[in-house]
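Listed here are the chains, written in short residue letters.
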Amino acid sequence: MKFRLFSTAAAHSVARSAAFPVALAVALSAALLSCSRADIDLPAPEKPALGEDVIRGELLIRFDPGVADILEKSGLTKSGPASVSDRCSITSVDEVLSLVDGYTIERVFPYDSQNEQKTRNDGLHLWYHVSFSEDAPMEEVISRLSLLGEVSAVNCNRRLRKAYSGKSIPFRPLPLTKAGGGIFNDELLPFQWNLVNRGDLGPSKFVAGADVNAEKAWELCTGDPSVIVAVLDEGVDFTHPDLQGAMWVNEDEIWRSSEDNDGNGYPGDVHGYNFVNDSPLISVQDVNDTGHGSHVAGVIGAVNGNGLGISSIAGGDGTSPGVRIMSCQIFSGNKGGSVLDEVRAIKYAADNGATVLQCSWGYTSGAANGFDWVPMYSTDESWMKDCDLERKALDYFIHNAGSADGVVEGGIAVFAGGNESAPSAGYPGAYKDFIAVAATAADWTPAVYTNYGTGTTVSAPGGDQDYYYEYAGELERGALGCILSTLPFSVSPEGYGYMEGTSMACPHVSGVVALGLSYSAKLRRHVKASDVIRLLCETCTPVEQFWNTDEPKLYYKYVADLGLNHLSSMNLESYRGKMGYGQVDAYAFLQAIGTAGERMTFPNVLVAPGESKSFDAALYFDSPERVSVKVADGSVAGASVSSGKISFTGLAEGQTRASATDGTSSFDFVITVRTGSSSQGWL
């Protein structure tokens, strides 16, 4: 099954220069409502053409910074998904929106006391979501708002849609020519050629070593719970026996609570958040759910060494835990979510500790065949022009995820490259700051559906059922050559099954990145996100060296229940040098990242009076359970160590020296207590 998540069109954006005088804009907007256009001698505003994927009655507006004070005084600063207003108190905007006979407005990104300063630094506090009747003259509203100096941009909110053929294939044993296996006792690992390929699965077309080289990488590291991967997808089944031990847990929240106990703007978000339904309840039970979110999560971090199910790239070793999965649900059944859901999920991931963004979705490649697809973006400029808010949310993630005091500074966004067999990756993944992943089969060859060429960063196993269909027995058809991973039991009675696509290749890269960051945490080294991406690319295996380009790659187009259908071929020479830097190699990547960056030292601490700040002792000490802290002036700040956390509380304004040791390593640092040092200091 080829699985592709994408939005069928780009966010429409209409911008007006911020230099347009605010007072003049107010006067003009009033005139627009009381005078004819000939009286004020202005050109008629151009009405935008809206596509069918536009959600009528919804707009995403960016206000000019010059009116920020008005928004503050109106009380909209702290509005969010659960709190809206019926006016914005900016006269010109309220007058234009009077055309729709009643509207509501809320901040796109909920107020979060811990991250408000970062939100403002990136200008994301100026984006607002406006809702009104879907029968209102939306084109007219967009045109008139675009004339206002108080408004910098107007985006339509658009539906994100999924495109795929069929559903996952429930688990079935595949033929092994000899015993498979690996270092873990997970019973299905022998069928996971993508992790450990011994060339023994199926009758042909499996080449030993055509995998992500996970087995050798596991000798160095198997994962670390301090590394969080945000899965933006369908919901992740956090009750699955192979996933429940891998889930991120927001310890400050209470399951099914309607209270926002940690103040991040999202009540009850224990394992993540359902942005489609605006609920903390992650869902996988919809009759139209495919299990895709659980499937990609399993590739990354299903629990290793638990004697059942599958193995994963960074799921620990059965005694030591692996990376953590944060479920950011942006698809649910036939509900495709929207750009609004997507950008909220991206920012949520950055603000709540994720450093890897797993995105098995994207827009159709601009180079896709126009007979079969609706081509989208071909250049960075065209994507940025139409998808302003989306780009800014992703910029926020790559610049604000992680920490200068933690394992990684910045975030890594990983996208599926697309399944249109196009010579260019789809956006957003094709953008220069992100990773776009192409898919390979179990013999190093490009998967028959994969996008490649311009914008492609790296490759990874994605499955290729059309390529293997002819060689499979009746029971294995559709499964042989695909990727085996976890599924909700509502989708597969066995809890496991097969999928394919660049959306399956994508989590292999997210998992390898997460494993590399785990190794950095193990060695207590600090790296920058840009260096992580560079090393990932530099350590890839060039796939072309394994191809036989004297003959075309032959495959049958698989159509369920119709048998073999239409023998096709692909010229491998056309893919030479176009599969990115090559296939990711987990072992080589870990070797490289193990010497990158610098040794982490305990940072100086800045805290406000009456507030506390905590640090993970395991990031700095070999024996976190033995850490002790001394504060020179106990009247300025207090310190405590509990459950692996070193916490500092501001008591009175001032500075004091402090030290921490586990008996082997020792650090001296300074604690500064100052009013306004919290993220609310902007007030």
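Preceding this paragraph is the structure being described.
Residues numbered from 1 in each chain as written. Predicted model: local features only at pLDDT ≥ 70, side-chain atom pairs only at ≥ 80, totals over all residues. Heavy atoms only, no water.

## Observations concerning the pairing of strand β15 (residues 435-440)
This is how it is decided: Relative accessibility thresholds used throughout: buried, under 20% of the residue-type maximum; exposed, over 50%; partly exposed, between the two (1.4 Å probe, protein chains only). Strands here are runs of E lasting at least two residues and helices are runs of H or I lasting at least four, both read from the DSSP assignment and numbered beginning at the N terminus. By definition, two strands form a pair when at least two bridges between them are found by DSSP.
The buried fraction of β15 amounts to six of the six residues, a majority that puts the element mostly inside the structure. Taking every second residue as pointing to the same face, both faces of β15 are buried, with Ile435, Val437 and Ala439 on one and Ala436, Ala438 and Thr440 on the other. Note: strand β14 (residues 412-416) against β15, three bridges, orientation parallel. Bridge pairing links Phe415 to Ala436 in β15.

## What to know about the sheet that holds strand β19 (residues 525-528)
As a reminder, the rule being used: It only takes one pair of heavy atoms within 4.5 Å for two residues to be counted as in contact. To obtain an axis, a line is fitted to C-alpha atoms, over the contacting stretch when the element is a helix, and the angle between two such axes runs from 0 to 180 degrees between their N-to-C directions.
Strand order in this open sheet of three strands is β13-β19-β22, and the pairing throughout is mixed. The sheet is open, and its two edges are formed by β13 (408-409) and β22 (598-599), each paired on a single side. In terms of strand pairing, β19 meets β22 through two bridges, oriented antiparallel. Paired with His526 across the two strands is Glu598, which belongs to β22. Sheet contacts for helix α13 (residues 502-523): β13, β19 and β22; angle to β19, the most-contacted strand, approximately 145°.

## Some points on the pattern of salt bridges
The following threshold applies: Counted as salt bridges are all cases of a side-chain nitrogen of Lys or Arg within 4 Å of a carboxyl oxygen of Asp or Glu.
Overall, the coordinates contain 19 salt bridges when judged by the stated rule. A salt bridge links Lys392 to Asp388; the shortest N-O distance between them is 2.6 Å. Residue Lys392 and its partner Asp388 are located together in helix α11 (residues 388-400), separated by four residues, close to a single helical turn. Judged by relative accessible area, Asp388 falls into the buried class, the value being 12%. Close ionic contact of Asp531 with Arg534 constitutes a salt bridge, the shortest N to O distance being 3.6 Å. In this pair, Asp531 and Arg534 both sit in helix α14 (residues 529-538), three residues apart, roughly one turn of the helix. By relative accessible area, which is 37% here, Arg534 ends up partly exposed. Connected via shared salt-bridge partners are Glu72, Arg107, Glu116 and Arg120.

## Looking at the side chain of Thr502
Topologically, Thr502 is positioned in helix α13. Thr502 has contacts with Ala416, Gly417, Gly418, Asn419, Val437, Ala438, Ala439, Tyr449 and Thr450, leaving out every residue within four places of it along the chain.

## Some remarks on the packing of α14 against helix α15 (residues 586-593)
The angle between the axes and the distance between the axes are what describe a pair of packed helices. Using the following cut-off: In these notes the angle categories are as follows: under 35 degrees is roughly parallel, over 145 is roughly antiparallel, 65 to 115 is roughly perpendicular, and the rest is oblique. Take the far helix as the reference: if the near one is turned anticlockwise from it by less than a right angle, the crossing is left-handed, and if turned clockwise, right-handed. Classification used: nonpolar for Ala, Val, Leu, Ile, Met, Phe, Trp, Tyr, Cys and Pro, charged for Asp, Glu, Lys and Arg, polar for all others including Gly.
Relative to each other, α14 and α15 sit at 135°, their axes nearing to 9 Å. Judged by the inter-axis angle, α14 sits oblique to α15. As α14 packs across α15, the resulting crossing turns out to be right-handed. Residues Val532, Leu535 and Leu536 of α14 touch α15, and the partners they reach there are Phe589, Ala592 and Ile593. In terms of residue class, the contact of α14 with α15 is built from six nonpolar, no polar and no charged.

## Here we look at the environment of Glu253
Cut-off, in case you're wondering: N or O atoms within 3.5 Å of each other form a polar contact, as long as, within protein, one can give a hydrogen and the other can take it, and as long as residues adjacent in sequence are counted only when both atoms are side-chain atoms.
Mapped onto the fold, Glu253 is located in the loop between β9 (228-233) and β10 (272-274). For Glu253, a relative accessible area of 7% translates into the label buried. Placed 17 residues apart in sequence, Glu253 and Val270 show a C-alpha to C-alpha distance of 5.7 Å. With near-sequence residues (within four places) excluded, Glu253 lies in contact with Glu259, Asp260, Asn261, Asp262, Asn264, Tyr266, Pro267, Gly268, Asp269 and Val270. Here the side chain of Glu253 touches Gly268 through a polar contact of 3.2 Å, landing on its backbone nitrogen.

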